[in-house]
Amino acid sequence: DEESLEPILAFTARYITQPQYSILLIGVANLLCDIYGPVLGQSAVIDELFHKLRRHIKSELRVHKDLMLLVGQIDGVLSAAEMLSRV
């Protein structure tokens, strides 16, 4: 029911990007989506919390993608510097 789902979903949406909680909350978020995904649209509060969860996850994925691109660029610079130092 909505009263018991709301605090769990609110906590998950708020803290899913925090490293100390993310390992556990990723699994919780998957279960919440599997269980309650088909009934979205019945409660504005729950729908908004799912949208908030989605926004946070999307933002975090964007940050991870940018960091991976940066790591690739740094690796390229370090490889070039190493090759130049050998010559």
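It should be noted that the structure appears before, not after, this text.
Notes on the structure in this doc start here. By convention here, each chain's residues receive numbers from 1 onward along its written sequence. Two thresholds apply to this predicted model, a pLDDT of at least 70 for residue-level local features and 80 or more for giving and counting side-chain atom pairs, whereas whole-chain, interface and lining totals are computed over all residues. Only heavy atoms go into the side-chain values, all of them from the structure, while hydrogens and water stay out.

**Comments concerning the nonpolar core**
Right, so step 1: Core analysis: the biggest nonpolar cluster contains eleven residues, these being L5, L9, A13, I16, L25, A29, L32, I46, L49, F50 and L53.
Right, so step 2: Each helix is a run of H or I in the DSSP string that is no shorter than four residues. Each strand is a run of E no shorter than two, and both are numbered from the N terminus. Within the residue set of this core, elements represented by two or more residues are α1 (2–15), α2 (19–36) and α3 (44–86).
Right, so step 3: The leading source of residues in this core is α3, at four residues.
Right, so step 4: The criterion used for residue contact is that any of the two residues' heavy atoms lie within 4.5 Å. Leaving out residues up to four positions away in the same chain, A29 has contacts with T12, I16 and L53. Within this scheme, the nonpolar core is defined by two criteria: the residues are buried Ala, Val, Leu, Ile, Met, Phe, Trp, Tyr or Cys, and they are joined through side-chain atoms within 4.5 Å. The rule is simple: take the accessible area with a 1.4 Å probe, protein chains only, and divide by the maximum for that residue type; under 20% is buried, over 50% is exposed, in between is partly exposed.

**Notes on the packing of α1 against α3**
Between two packed helices, both the angle of their axes relative to each other and the distance between the axes serve to describe the pair.
Right, so step 1: A fitted line through C-alpha atoms serves as each axis, taken over the contacting stretch for helices, and the angle formed by two N-to-C directions is quoted from 0 to 180°. Put simply, α1 and α3 touch, their axes get as near as 9 Å, and they point 15 degrees apart. Classified by the angle between their axes, α1 and α3 sit roughly parallel to one another. Crossing of α1 against α3: the hand is left-handed. From α1, E2, L5, E6, L9, A10, T12, A13 and R14 reach across to α3, where they touch V45, I46, L49, F50, K52, L53 and H56.
Right, so step 2: Only Asp, Glu, Lys and Arg are considered charged in this grouping, and only Ala, Val, Leu, Ile, Met, Phe, Trp, Tyr, Cys and Pro are considered nonpolar; every other residue, Gly among them, is considered polar. Looking at the contact of α1 with α3, its residues break down into nine nonpolar, two polar and four charged. Orientation is classified from the angle alone, with under 35 degrees giving roughly parallel, over 145 giving roughly antiparallel, 65 to 115 giving roughly perpendicular, and any other angle giving oblique. Crossings are sorted by hand: turned counterclockwise from the far helix by less than a right angle, the near helix makes the crossing left-handed, and turned clockwise it makes it right-handed.

These figures come from the coordinates and say nothing about function on their own.
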